[in-house]
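Given next are the chains, with one letter for each unit.
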Amino acid sequence: MVQKINDEYYLNRAEAISYILQAYHAKWCYARWSRDEVAFSYETKGGERLRFLVPAFKTKSSKTVRVRKFDLDHSFGNQ
């Protein structure tokens, strides 16, 4: 479930992939752990394959790695 912490939304990997597919109309998307970041690879409707990295976060009470929704939106805004 999406967590809101200090007015920011944090998504787990599955939620982030679903968000990318729906919000940015990607054909496919997958994510993998890359050191202290999460690497997202996806294909646009135009057939262009792209990749970007966003910082990963964990809360003290959970082992689940999450990414900020702001970082996802910012990454798509720069491409």
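First things first, this report covers the structure right here in the doc. (Residues numbered from 1 in each chain as written. Predicted model: local features only at pLDDT ≥ 70, side-chain atom pairs only at ≥ 80, totals over all residues. Heavy atoms only, no water.)

1. Some points on helix 1 (residues 13-23)
Here is step 1 of the chain: When we look at burial in helix 1, the residues that qualify are Glu-15, Ala-16, Ile-17, Tyr-19 and Ile-20.
Here is step 2 of the chain: Buried-residue contacts for helix 1 involve strand 2 (8-12), strand 3 (28-34), strand 4 (37-43), strand 5 (49-55), strand 6 (66-68) and helix 2 (69-77).
Here is step 3 of the chain: Taken from the residues just after helix 1, His-25 is the one with a positive phi, measuring 50°. (Buried < 20%, exposed > 50% of the residue type's maximum accessible area, 1.4 Å probe, protein only. Helix = DSSP H or I, 4+ residues; strand = E, 2+ residues; numbered from the N terminus. Contact = heavy atoms within 4.5 Å.)

2. Here's the deal with the pattern of salt bridges
Here is step 1 of the chain: Tallied over the full model, the rule gives six salt bridges.
Here is step 2 of the chain: A salt bridge links Glu-15 to Arg-66, with the nearest nitrogen and oxygen atoms 3.6 Å apart. Here Arg-66 lies in strand 6 and Glu-15 lies in helix 1, a separation of 51 residues in the sequence.
Here is step 3 of the chain: Taking the shortest distance from any N to any O, the salt bridge between Arg-49 and Glu-43 comes out at 3.4 Å. (Salt bridge = Lys/Arg side-chain N within 4 Å of Asp/Glu carboxyl O.)

3. Topic: the pairing of strand 4
Here is step 1 of the chain: The element strand 4 is extensively covered by neighbouring structure, given that six of its seven residues are classed as buried.
Here is step 2 of the chain: Judged from the seven bridges that link them, strand 3 and strand 4 form a sheet pairing that is antiparallel. Bridged to Cys-29 within strand 4 is Tyr-42.
Here is step 3 of the chain: Linking two consecutive strands that pair antiparallel, namely strand 4 and strand 5, is a turn of five residues; a positive phi of about 90° is found at Gly-47 within it. (Pairing = 2+ DSSP bridges.)

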